[in-house]
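Structural characterization, general
Each chain is listed here by its residues.
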Amino acid sequence: MKTKVLSGFLLFFLSLFLVSFSDPYAIKRISDANFRYEFFTTDKKVKVKDNKIYFWFKGGTIHNAQSGIAGALLDDKFVKMYHNNQLAEQGQFDEGLKVGLWKTWHSNGIIESTQKWKKGIKCGEYFRYNSNGDLVETGKYSQDLKTGKWVDLEKKDTLVYKKGILLSKPQKISKSQEYKLKEEQEKLDKSRKEAKELEIIQDSNTLNSYKEATKQREKAEKEKLEREKKAEKDKKAAEKASQPKKDSKVKSFFKNLFSKKK
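Residues numbered from 1 in each chain as written. Predicted model: local features only at pLDDT ≥ 70, side-chain atom pairs only at ≥ 80, totals over all residues. Heavy atoms only, no water.

If you look the protein chain up in an unreviewed UniProt entry, it shows as MORN repeat protein from Flavobacterium johnsoniae.

**Focus: the packing of aromatic side chains**
This model, assessed by the stated rule, comprises eleven aromatic pairs. With a centroid separation of 5.3 Å and 50° between ring planes, the pair formed by F35 and Y82 is classed as tilted. Within this pair, whereas F35 is found in strand β2 (residues 35–42), its partner Y82 is found in strand β5 (residues 72–82), the two being separated by 47 residues in sequence. Accessibility assignment for this pair places F35 and Y82 in one class, buried. Judged by centre distance (6.3 Å) and plane angle (85°), the ring pair of Y126 and Y141 falls under edge-to-face. Here the residue Y126 occupies a position in strand β9 (residues 121–129), and Y141 occupies one in strand β10 (residues 135–142), the gap between them amounting to 15 residues. Both residues of the pair, Y126 and Y141, belong to the buried class. (Phe/Tyr/Trp six-rings, centres within 6.5 Å; stacked < 30°, edge-to-face > 60°. Helix = DSSP H or I, 4+ residues; strand = E, 2+ residues; numbered from the N terminus. Buried < 20%, exposed > 50% of the residue type's maximum accessible area, 1.4 Å probe, protein only.)

**Things to note about the pattern of salt bridges**
It is possible for side chains of opposite charge to pair when their charged atoms get near one another. Counted by the stated rule, this structure contains eight salt bridges. The closest approach of N and O atoms between E154 and R128, which form a salt bridge, is 3.8 Å. With E154 in the loop between β11 (145–152) and β12 (157–162) and R128 in strand β9, the pair connects residues that are 26 residues apart, well separated along the chain. E154 sits in the exposed class, given a relative accessible area of 52%. The network of salt bridges with shared partners includes K80, E89 and K98. (Salt bridge = Lys/Arg side-chain N within 4 Å of Asp/Glu carboxyl O.)

The following block contains the structure:
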């Protein structure tokens, strides 16, 4: 009997496991030696486009390839985490292609990079930071190719690109560029400080609300207890008042004495 029950439970959990990996609309959760992943997939068939990197899920692993697919395409929200639950990467897929703003983080929680994507193509400004949160590289992509000035603050030089082609040798950062990058860093530091202050305020407000709720709950419980005690007291008083009064022993003695004489 116990063997049958155990077998039933094993079959139940196995079916849940298989459903989670077969249902394209259910969230998938996998892990490897370095990271844990949470994502969704779609079984929609798409026409593969050249020069775009597609991401798909098959055999318990995420794969990617340029101009090709061989599994369930990643779709919607995507999260990659370190095993200590710290975010490592976050973004969104649309039928196997990266879209919108993608961010990566160092293992200590400091932002590492930000990059916008449009249907699997890099576009817009790119920022990279070191593990201390200092901006170390910035540039811009157009149609997946580097364009314009790319500034490397670690090497303290500037490269100029046009459609992915390097136009000039490294140049020293000008004072105006250095000033602009300093402003960007100050804005970043300010936003971090404001976010930290907001977090402290929110924690304080949450704590105060918990304390107030506890205080109100204790007050309500005390009032309820007092009402119950008063109700019990009134009940006993009413019961006592409704009972016939007993004669005292002296009164009972004389009453019995006179009744015998008669």
